[in-house]
Amino acid sequence: MFKKSPALFLLIFIVVGILIADSFRIAISYFFISLILFVVASLFCYKSHRENLLVICIGLGLLSFVGLRFASLYYETGSNHISNFIDGKSTYIIYGKISDWPELKLERTELTVDVDSLEGSQINYVRGKVLLKINMPTTAFQRGDNLVFKGRIYAVEGERFSKEFNYNRFLRYKEINGVVFQTTPLHILHDKANRYSVIPFIDKLREAIKESFKRNLSPVSAALASGFLIGETRDIPPELYKRFKDSGTLHLLAVSGSNVILVLTFFSILINPFLLTKKKRSLILMAVVVIFSLLSYGDPSVVRAGIMAGLVLLAGVVERRYELKNIIAVAAFMILIYEPSQLFDLGFQLSFVIAWGLIVVVPKLNLLFKKYNLKKWFKYLLFPFLVSLTAQLFSIGLIGLYFKQIPLLSPIANLFIVPLVSVAVIGVLVLLVADFILPLLGLFVGSFLNLIIEFTVYVVNIFGSDKMPLISVHDWTIAGVCGLYVILFMIPFAIFSKSNRRKLLFVVLLFVNLIAAKHAIAAFESSNSLDLLCFNIPGGNISIVQPKNREVDIIVNSIQGKTYRIDEKIIIPKLKQWNIFKIDKLIVLNTDFSAIDDLLRIAKTYDVREMYITEKNEHSFLDQINNTDKDFLSTKLIILQKGTMPIGESGYLLQDDGFSVIFHGYKITFVDKISSVHLKTFSRGYKQILVLGSTWNISRNDFLVLKDLRYEKIICSKIAHSKSVLDKKDIVLSTDLIVDLNKVSEYIIKISY
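Residues numbered from 1 in each chain as written. Predicted model: local features only at pLDDT ≥ 70, side-chain atom pairs only at ≥ 80, totals over all residues. Heavy atoms only, no water.

**A few points about the pairing of strand β14 (residues 552-556)**
- The buried fraction of β14 amounts to five of the five residues, a majority that puts the element mostly inside the structure.
- The two faces of β14 match: V552, I554 and V556 on one face and D553 and I555 on the other face are all buried.
- Pairing between strand β13 (residues 540-547) and β14: four bridges, direction antiparallel. Directly across from I542, in β14, lies its bridge partner V556.
- In the sheet, β14 pairs with strand β15 (residues 583-588) via five bridges, with the strands oriented parallel. Across the sheet, residue I554 finds its bridge partner in β15, namely L586.
- A crossover links β14 with its parallel partner β15, the connecting element being helix α18 (residues 566-577), and its sense is right-handed. (Buried < 20%, exposed > 50% of the residue type's maximum accessible area, 1.4 Å probe, protein only. Helix = DSSP H or I, 4+ residues; strand = E, 2+ residues; numbered from the N terminus. Pairing = 2+ DSSP bridges. Right-handed = clockwise from strand over helix to strand, strands pointing away.)

**Let's talk about empty space enclosed by the protein**
- What the rule picks out here adds up to four cavities of 30 Å³ or more.
- One number sums up the size of the largest cavity: a volume of about 50 Å³.
- In this structure, the largest cavity is lined by D531, L532, L533, I544, Q546, W578, I580 and I748.
- Within the residue set of the lining of the largest cavity, elements represented by two or more residues are β12 (529-537) and β13. (1 Å grid on protein atoms, 1.4 Å probe; cavity = no way out; pocket = protein on both sides within 12 Å on 5 of 7 lines; lining within 4 Å. Points joined across faces, edges and corners; volume = space filled by probe spheres on them.)

**What about the sheet that holds β12?**
- Read from one edge of the open sheet, seven strands run β17-β16-β15-β14-β13-β12-β27, paired in mixed fashion. Strand pairing shows two members of the sheet lacking a second neighbour, β17 (636-639) and β27 (747-752), which therefore form its edges. Pairwise comparison of adjacent strand axes, ignoring direction, gives a mean angle of 20° for this sheet.
- Of the strand pairs in this sheet, strand β16 (residues 610-613) and β17 are connected by four bridges, and their pairing is parallel. (Axes fitted to C-alpha atoms, helices over the stretch in contact; angles between N-to-C directions.)

**Considering the nonpolar core**
- Core analysis: the largest hydrophobic core is formed by 52 residues, its most contacted members being F213, L224, F228, L229 and I417.
- Counting only elements with at least two residues in this core, the list comes to α5 (198-216), α6 (219-230), α7 (238-246), α8 (257-270), α9 (278-295), α10 (300-317), α14 (410-437) and α15 (439-463).
- Every residue in contact with F228, bar those within four places of it in the chain, is listed here: F244, L252, L253, N259, V421, A424, V425 and T456.
- Within the second largest apolar cluster, 38 residues are counted, among which are L11, V55, F348 and V360. (Core = buried A, V, L, I, M, F, W, Y, C linked by side-chain atoms within 4.5 Å. Contact = heavy atoms within 4.5 Å.)

**Thoughts on the pairing of strand β20 (residues 658-663)**
- By the criterion of burial, β20 is predominantly enclosed, with six of the six residues buried.
- Note that β20 and strand β21 (residues 666-671) share five bridges and pair antiparallel. By the bridge assignment, F659 is partnered in β21 with F670.
- Once β20 ends, the chain turns through two residues before running back antiparallel as β21, passing H664 with a positive phi of about 45°.

**Points about the confidence of the model for the chain**
- For the chain, per-residue confidence averages 83 on the pLDDT scale, and 88% of positions sit at 70 or higher.
- For the stretch residues 158-163, pLDDT sits under 50, and the model shows 28 contacts to residues farther than four places along the chain or on other chains.
- Across residues 724-730 the pLDDT falls below 50, and counting only partners more than four positions away or on other chains, this stretch makes eight contacts in the model. (pLDDT = per-residue confidence, 0-100.)

**So, unusual backbone geometry**
- A positive phi angle, near 50°, is found at R25, a position not held by glycine.
- Its location among the elements puts R25 in the loop between α1 (6-24) and α2 (28-47).
- Positive phi is not limited to glycine here, since E175 has a value of about 65°.
- Among the structural elements, E175 can be located in the loop between α4 (167-172) and β8 (176-182).

**Quick notes on the packing of helix α12 (residues 346-368) against helix α16 (residues 478-495)**
- Viewed as axis vectors pointing N to C, α12 and α16 meet at an angle of 20°, and their least axial separation amounts to 9 Å. The angle between α12 and α16 places the two elements in the roughly parallel class. By crossing handedness, the relation of α12 to α16 is classed as left-handed. Contacts between α12 and α16 involve V353, W356, G357, V360, V361, K364, L365 and L368 from the former and Y485, L488, F489, P492, F493 and I495 from the latter.
- Class assignment of the residues belonging to the contact of α12 with α16 gives a composition of 12 nonpolar, one polar and one charged. (Parallel < 35°, antiparallel > 145°, perpendicular 65-115°, else oblique. Left-handed = near helix turned anticlockwise from the far one by under 90°. Nonpolar A, V, L, I, M, F, W, Y, C, P; charged D, E, K, R; others polar.)

**Regarding the pattern of salt bridges**
- Applying the stated rule across the entire model yields 17 salt bridges.
- The salt bridge involving E110 is made with R108; its shortest N-O contact spans 2.8 Å. R108 carries the same exposure label as E110, and that label is buried.
- For E232, the salt bridge goes to K210, with nearest N and O atoms at 3.5 Å. Linking E232 in the loop between α6 and α7 with K210 in helix α5, this pair joins segments that are 22 residues apart in sequence. (Salt bridge = Lys/Arg side-chain N within 4 Å of Asp/Glu carboxyl O.)

Written out as structure tokens, the structure is:
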């Protein structure tokens, strides 16, 4: 294997090294010692001409090196790292430099800042990055600018890889250890970077490209042109973006290898009349690849395709043969050595899995139809379909694992939409050249390009409509997806070999039996269980109600609006941490007017089916919807009425004593405020749990009643009490009974039947 595909062989060691470092968090000193040992062993094997052992020692040395690099970047960072100074309470003056391109979102700007020092009671020289979130969109900042700002740094808890997207882990793998919030850019001291370096040039070129689109195309076409060419999707209407996603063609809005091929083909034709030597031509095209990669924000798929294209061009210059398997392995090798966390990035995974699938499978399929290769119907119809089908099959595992749904007609949609987008990309490049030569010529080209893009949108709307079938998959595992890819890679080899077909049949049967066993075990286990996760928010708390194998419901006990966005700062990160991406019911028991917009954004973000509100909040919600969110139509707004809403065999119950979850002998009651008189009205026929939405002012009578009723647990946002209460010998504040969410970040109740 090493002689045929040396880069692939060594890449396996690198991947294993990253997985070992991420899974076991081995100390950096062990990786360093093993690296030295394997370097010495490699030198010894080289001198003694032991080639096979030399290759293994080199591989193990790379494993140690990448493990050492992963450890030093992500978890064993040293005493001067910024993570040692983050507590969420201390206020610092923060000095740093913007280390990545600013990310402009609809109502905020996010900047990745490489911090060099923190000023508190003293100045600390540190290393590490923070994410600066400004509560308004602004183009005042660019990569390389120096900043000084003041604020609290909130920690980002690191987590290991899992099948679900985890925002905290995502930030940690970007070397971001803290988040700082700013209400306005006016509070930030700003020293602009050198305007004559590469990054400002790229920023100006990107803005010039987008301005050209805006001058010559309609607003929607201009937004899509930016998406097709450089992956800039900010201005694409949300509904159209959703159509691309539902049709299985969202990848067309992320710059990929096909874009690199189209750009290189266009520029190759453009420089053809100049009769350049092969070496000069290759150097110009390599420069185009570098500039294009920077224009598209260094997207993993573009970097991969750029490295591959660069290596192919370089092989042509030095007149060396190359093999695509080694080229793609070298691209992955270089990316992972530089940034090991890319292994856990969905874009990286999709890019390389699809590329490997196309390289391995398509030539085999081509052999299967060898006698038809010269036929026009094969070249222009069947072959593109086979390429599209292969790409979709090799993306289906990761898409199902991460997004929980698979568009059934995706291969057919891609067969129609991919060629249209390819034509649009060529048209976009022609438009840019025409606009550069003569603005009037740009308008002329833009009028035709508008028609192409509008027709593309029409086709996307057909395949992305709500009537198109989608398969929901919620229980896919990493092991299952790996098994699926093993089968997919075996299929082309089984076409021409009887022994390989037997091996494939064995693997398929084993895979199917393992899945059947997994479902049998899951069915055997009790499905009658419920998890309740409670955590604090301003003015109250939230409870996530998660019955096993059912959709999640959210109960907002009480909430008060703040100057910052509560949904973005507190609620959404917590939901992502718990791998919650869809909410069925959002039940709001109490809110003030200023927090309603936070709740409406939650409903839209998580595609809430039903939102329940109380009568006293009805008019406030309707006013907010009519004034600021008239498109709030997908979520059904329901007024809470006394009675029962079923969840399986149990249900929700609204009575005079509060709102309750009834579940197999348990009654979990949610109230905003409480008194000892109120406590006595609760039902005695259940094991009772009480969740209080606001600060609980403890009284002696409350404790006496609680002792009498024998509550399982009391959960409250904050306990307020006087010293005289604590002086009583018969009053003991015990976490066995009472949980103060002000002192713990979250509390989980697990109920099984």
